[in-house]
Amino acid sequence: MVKFSKQFEGQLVPEWKEAFVDYWQLKKDLKKIHLLNHNNNNDNNNSTSATTPTTKKRRTSFANGFLSSLGKKFSSFGHQQHREHGAIQVHKKLASSASKGDLYETELLEQFADTDAAKECFACLDMQLNKVNQFYKTKEKEFLDRGESLKKQMEILIELNTALKQARDKGASSQDSKDDPSISCTISCEESTKDRTEQEQLQENSTDDLEKNDEPFAESPRSDEIGKSMRMKREDSKLRTLSGRVYNCQGKNLRINIPLTTPTRTFSAVSYLLWEDLVNQSSKKVPEGSNRLHINKKKLHHAEKMIRGALIELYKGLGYLKTYRNLNMLAFIKILKKFDKVTGKQVLPIYLKVVESSYFNSSDKVMNLADELEELFIKHFAEDDRRKAMKYLKPHQRKESHSVTFFIGLFTGCFIALFAGYVIMAHITGMYRPRPDTVYMETVYPLLSMFSLLFLHFFLYGCNIFMWKKARINYSFIFELAPTKELKYRDVFLICTTSMTAVVGVMFVHLSLLTKGYSYSQVQAIPGILLLIFILLLVCPFNIFYRSSRYRFLCVIRNIILSPLYKVLMLDFFMADQLCSQVPMLRNLEYVACYYITGSYKTQDYGYCMRAKHYRDLAYAVSFLPYYWRAMQCARRWFDEGQTTHLVNLGKYVSAMLAAGAKVAYEKERSVGWLCLVVVVSSAATVYQLYWDFVKDWGLLQMNSKNPWLRNELMLRRKFIYYFSMGLNLVLRLAWLLTVLHSNFERVDYRVTGLFLAALEVIRRGIWNFYRLENEHLNNAGKFRAVKTVPLPFEVDEED
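Residues numbered from 1 in each chain as written. Predicted model: local features only at pLDDT ≥ 70, side-chain atom pairs only at ≥ 80, totals over all residues. Heavy atoms only, no water.

The chain is annotated in an unreviewed UniProt entry as Phosphate transporter PHO1-like protein from Melia azedarach.

Right, dumping it as structure tokens:
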């Protein structure tokens, strides 16, 4: 049977962990009471055994006589006092501020053997009850406000859909136009200061950014948070100016907020601003009807999608609040039972009555709002089909199949056997030794090293998922992954073992054919066919081989390539950071693509791509691009959020670009001047990156922390792991020195050394991934954000 503490820890909401009952601290207090009682019993036994039998009899008879005489006088009174008050009495008093609600304080009535420890235990229990009530009331108010906003949004959407339907019917009857009918509205050029303030507050509350610079859902306002809030309002004015347009429809100022998440919306918003500036600067009279815009079906469809997403997230938050109530109630019951068992007092019925009548357990507003949201979703988004609605509101988690574990073991064994055979055959033939005949190393090895780096990185991602899950880091929420479609760590391991088995198997067959006397021209197409198969599997449109994950991966790559046109999400810049560690893999991909696309594999002219000027220029671009994409993401985040921290981060990637360019130039020139430039630029970039790794990404190296050189909150219990990781990160960051010193293993081709160094960088990135997301989770959990806040499309101001 699983202990309640394990069950409690496994079911609580990770982001709200600090707001739950501190069950472990209460258990420590009870353990202290138990030890005191145990010591008192031992002392009594020792003192009793030290007396003589005659003295013992005299004391016993005297005590019995005394108690019998007093018992007749006070037995009835004592029984009545116990029945009316019991062992404790809980007082309710009003808090200093109305937002905190009622506060509870327990008074001990009976004489406890360990009065101080019991007082301390009940003081902690009262504090936990008050904390739970306060947090529940705060989150309930937040969700109720969002629910009211959603209801108003639904009313506007229904009204506009009805008007659009009427316009469509009129257009069909008149047959004046073949275009999609729309609702004509006039742009409202007047906007009062009060309207702007209300719009700023609504937009701030509706932001969906998951980064650590957002305003927290704090329980009580603090001066720094208020200053951050005001600063964010000023910084977000640019985004609101671009994303919102005010329409005047039937006496209402209607603003439609469309987030600039795609290039189309970005370009349209910028063009709208330019056109508005031209109109305002022009002294000519604007023709009638030129200031009329249209709310067509496409805009309403996007608004409907935003409202549906906000409704789903709010419903999920209400579910978390129900879990919060139930788990805390169970925790109070369990700890009170333990207290009764340790002390022998009957405090459970008394204190439990107080807990049951407290706000977090007696309020039913959350249940009512959840029922209303269910009805809204079923009626407007599920065509009155409750089963269909529950698929969105309460998605079922995918069950982990035992067959996945079986195939992981099967393909792991196959990979080890094939890899051992491949290494033995390559050693016998001497393929990896420096020699004049380098056709194999120039043509086939780049493909093998490319796949090795790719799936090593993917394997480490599976290890990260396992560690995130073990440490209770909500990576799905941070990455905004669908809970029913996300890859589990077993799925990642299955993909890695299956793919590498296929790659090593093909390489083994290819090398076997070469040893049997086949020429390179006869078998050189085999590696190219393998690469083509993997590309076709990646873009396969059929619902096979994790289609949703493949589609999401392609979308993220598209967002990275088109930076800064797309809004930067956590998953986008996380993946861009992975590409920064895969520059050698991208260089190999560039060479292999050139080798097969130009048809050089037919003539065995593997030096053609190296001689082509366009290829050499592209080599610079491939070395620059990952850092350029990441820098553009930092620029976009600065534009959206207005925080100079992103510009400082941009400088880090600019320094990395300079280091990568100097290294590529040095590989071609091999001069002392380029060597000195590589050392200087790479050293500066390394110091810059180390500072950012430890201080910004990992949140470490804090001087005033209770954990020396670490942050205050740690997810791992053993601190030496953090120190070891910092030292290992420092060593792996300096691995580029080996490329400058030309250090090679004995009788091993320099390409194998390059693969080893590239693998070290991939391993460093895998370690970075865990601590980066740990820091993100702690910042997010400190603000109690468990659900995404989806922006709402409509803002309305009624005209007098």
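J.: I would appreciate a short explanation of the packing of aromatic side chains in the present structure.
T.: For any pair of aromatic rings, the description rests on two quantities: the centre-to-centre distance and the angle between the ring planes. Applying the stated rule across the entire model yields 41 aromatic pairs. Taking 6.2 Å as the distance between ring centres and 50° as the angle between the ring planes, the aromatic pair formed by Phe122 and Tyr351 counts as tilted. One end of the pair, Phe122, is in helix α4 (residues 115-174); the other, Tyr351, is in helix α10 (residues 348-357), with 229 residues separating them in the sequence. In this pair, the class of Phe122 matches that of Tyr351, namely buried. Grouped by ring-pair contacts, the aromatic residues Phe4, Phe8, Trp16, Phe20, Tyr23, Trp24, Phe135, Tyr320 and Tyr324 constitute a single cluster. (Phe/Tyr/Trp six-rings, centres within 6.5 Å; stacked < 30°, edge-to-face > 60°. Helix = DSSP H or I, 4+ residues; strand = E, 2+ residues; numbered from the N terminus. Buried < 20%, exposed > 50% of the residue type's maximum accessible area, 1.4 Å probe, protein only.)

J.: How do you make sense of a nonpolar patch on the surface when you look at a structure like this?
T.: On the surface, Leu532, Ile535, Leu536, Leu538, Val539, Phe553 and Leu554 cluster together to form a nonpolar patch covering roughly 570 Å² of accessible area. Elements with a minimum of two residues in the nonpolar patch: α20 (525-538) and α21 (547-561). Take the nonpolar patch: its biggest share by element is 4 residues, from α20. Positionally, Leu538 belongs in helix α20. (Patch = residues over 30% accessible without salt bridge, like charges linked within 9 Å, V, L, I, M, F, W, Y side chains within 5 Å. Areas by Shrake-Rupley, 256 points an atom, 1.4 Å probe, with all protein chains shown as cover. Salt bridge = Lys/Arg side-chain N within 4 Å of Asp/Glu carboxyl O.)

J.: Help me understand the side chain of Arg636, please; the structure alone is not making it clear to me.
T.: Tracing the sequence through the fold places Arg636 in helix α26 (residues 613-641). Within the local environment of Arg636, its side chain forms a polar contact with the backbone oxygen of Tyr566, the two atoms lying 3.5 Å apart. (Polar contact = N/O pair within 3.5 Å; in protein donor to acceptor, adjacent residues only side chain to side chain.)

J.: I keep staring at the side chain of Asp693 and nothing clicks. Help me out?
T.: Along the chain, Asp693 turns up in helix α28 (residues 672-697). In contact with Asp693, not counting residues within four places along its chain, are Trp698, Asn729, Arg733, Arg764 and Trp768. (Contact = heavy atoms within 4.5 Å.)

J.: Before we go on, may I ask you to explain the pattern of salt bridges in this structure?
T.: Between side chains of opposite charge, a pair can form as their charged atoms come close. In the structure shown here, the tally under the stated rule is 20 salt bridges. In this structure, the salt-bridge partner of Glu374 is Arg386, at a minimum N-O distance of 3.1 Å. Pair noted here: Glu374 is in helix α12 (residues 365-380) and Arg386 is in helix α13 (residues 386-393), with a separation of 12 residues, a long-range link. Assessed through its relative accessible area of 46%, Arg386 is described here as partly exposed. Salt bridges linked by common partners bring Asp693, Arg733, Glu761 and Arg764 together as one network.

J.: Explain the environment of Val568 here, please?
T.: For Val568, the location among the structural elements is in the loop between α21 and α22 (570-580). When the C-alpha atoms of Val568 and Val556 are compared, they prove to be 9.9 Å apart, with 12 residues separating the residues in sequence. The contacts of Val568, once residues within four sequence positions are left out, are Phe573, Gln633, Arg636 and Arg637.

J.: Which parts of the structure should I look at to understand the nonpolar core?
T.: Grouped together as the largest cluster of nonpolar side chains are 78 residues, with contacts concentrated most on Trp16, Tyr324, Tyr351 and Phe794. Counting residues per element, this core draws most heavily on helix α9 (residues 297-343), which supplies 18 residues. Residues Tyr440, Val503, Leu531 and Val592 belong to the second largest nonpolar core, which totals 41 residues. (Core = buried A, V, L, I, M, F, W, Y, C linked by side-chain atoms within 4.5 Å.)

J.: What's the story with the state of the cysteines in this structure? I'm lost.
T.: Any covalent bond linking the sulfur atoms of two cysteines counts as a disulfide. Counted according to the given criterion, the structure contains 1 disulfide. For the unlinked cysteine Cys124, the closest cysteine sulfur is that of Cys121, found at 7.0 Å. (Disulfide = S-S within 2.5 Å.)

J.: I tried to follow the packing of helix α16 (residues 445-470) against helix α31 (residues 750-781) on my own but got confused; where do I start?
T.: Any two packed helices are characterised by how steeply their axes cross, that is the angle between the axes, and by the distance between the axes. Contact pair α16 / α31: the axes reach a minimum separation of 9 Å and the direction vectors enclose 20°. What the angle tells us is that α16 and α31 run roughly parallel. For α16 against α31, the interelement crossing comes out right-handed. Touching Tyr445, Ser449, Leu453, Leu456, His457, Leu460, Asn464, Met467 and Trp468 of α16 are Arg751, Val752, Leu755, Ala758, Ala759, Val762, Ile763, Arg765, Gly766, Asn769, Phe770 and Leu773, all from α31. (Axes fitted to C-alpha atoms, helices over the stretch in contact; angles between N-to-C directions. Parallel < 35°, antiparallel > 145°, perpendicular 65-115°, else oblique. Left-handed = near helix turned anticlockwise from the far one by under 90°.)

J.: I'm lost on α13 in this one. Help?
T.: At 3.6 residues per turn, the α-helix brings residues three or four places apart onto the same side. Among all positions of α13, only Ala389, Met390 and Leu393 are buried. Buried positions in α13, seen along its axis, are confined to an arc of 100° and lie on one side of it. Exposed side chains of α13 directed beyond 90 degrees from the buried face belong to Arg387 and Lys391. On the buried face of α13, the contacting elements are α9 and α12. In this structure Asp385 caps α13, since a side-chain oxygen of it lies 3.2 Å from the backbone nitrogen of Arg387. (Arc of directions from axis to C-beta.)

J.: Explain unusual backbone geometry to me, please; I cannot follow it from the model alone.
T.: Leaving glycine aside, a negative phi is the common case for residues, and trans is the common case for peptide bonds. Cis geometry is found at the peptide bond from Ser563 to Pro564, where omega equals 5°. By the element assignment, Pro564 lies in the loop between α21 and α22. At Tyr546, a residue that is not glycine, the phi angle is positive and equals roughly 55°. As for its position among the elements, Tyr546 is in the loop between α20 and α21. By relative accessible area, Tyr546 is classed as partly exposed at 29%. A positive phi angle is found at Leu701, which is not glycine, with a value near 55°. Along the polypeptide, Leu701 turns up in the loop between α28 and α29 (720-733). Under the relative-accessibility criterion, Leu701 is labelled partly exposed at 31%.

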